[in-house]
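# Examination of the molecular architecture
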Amino acid sequence: QQWVGVWATAENQSEARYVIVFSVLTAVTMLMASVRSMAFYASSLRASSQIHAGALSSVLGAKLGFFSANPAGRILNRFSGD
């Protein structure tokens, strides 16, 4: 915001340096937002994979009584919902 204030009070606002600095600041902001989005996507994917792997190992290691007490559809819905 400080740079925009300097640019707004400048005598010759059409100088190339103001446009270049504003363009660089905009590009850096867009790059940082993209990096943040990719990091969030990667961490979400990793977390969901770990949750699924843990649930799968628990189901595969369950005793037979679990499968007779719970219908297969409920188990599958649980995996697809998480």
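Bear in mind the structure is a predicted one, so any value in this text is a computation, not a measurement.

### Points about the overall build of the protein chain
Counting secondary structure elements, the protein chain contains 4 helices and 0 strands. Secondary structure elements in the protein chain, listed N-terminal to C-terminal, are α-α-α-α. For the protein chain, the C-alpha radius of gyration of 27 Å lies well beyond 12 Å, the compact-globule estimate for 82 residues. Overall size of the protein chain, expressed as C-alpha extent along the three principal axes, is 80 × 15 × 15 Å. Across the 82 residues that make up the protein chain, the buried fraction comes to 6%. Surface summary for the protein chain: the accessible area is close to 6900 Å², and the carbon and sulfur share equals 66%.

### As for the confidence of the model for the protein chain
Across the protein chain, the average pLDDT comes to 87, with 96% of residues at or above 70. Mean pLDDT values for the elements of the protein chain range from 76 in helix 1 (residues 2-8) up to 92 in helix 2 (residues 16-60).

### Observations concerning the packing of aromatic side chains
In total, this model carries 1 aromatic pair according to the counting rule given. Ring geometry for F66 and F67: centres 5.3 Å apart, planes at 80 degrees, overall edge-to-face. In this structure F66 comes out as partly exposed when scored by relative accessible area, which is 33%. What makes F67 partly exposed here is its relative accessible area of 36%.

Basis of the calculations
- Residues numbered from 1 in each chain as written.
- Predicted model: local features only at pLDDT ≥ 70, side-chain atom pairs only at ≥ 80, totals over all residues.
- Heavy atoms only, no water.
- Helix = DSSP H or I, 4+ residues; strand = E, 2+ residues; numbered from the N terminus.
- Rg over C-alpha atoms; globule rule 2.2 N^0.38 Å.
- Buried < 20%, exposed > 50% of the residue type's maximum accessible area, 1.4 Å probe, protein only.
- Areas by Shrake-Rupley, 256 points an atom, 1.4 Å probe, with all protein chains shown as cover.
- pLDDT = per-residue confidence, 0-100.
- Phe/Tyr/Trp six-rings, centres within 6.5 Å; stacked < 30°, edge-to-face > 60°.

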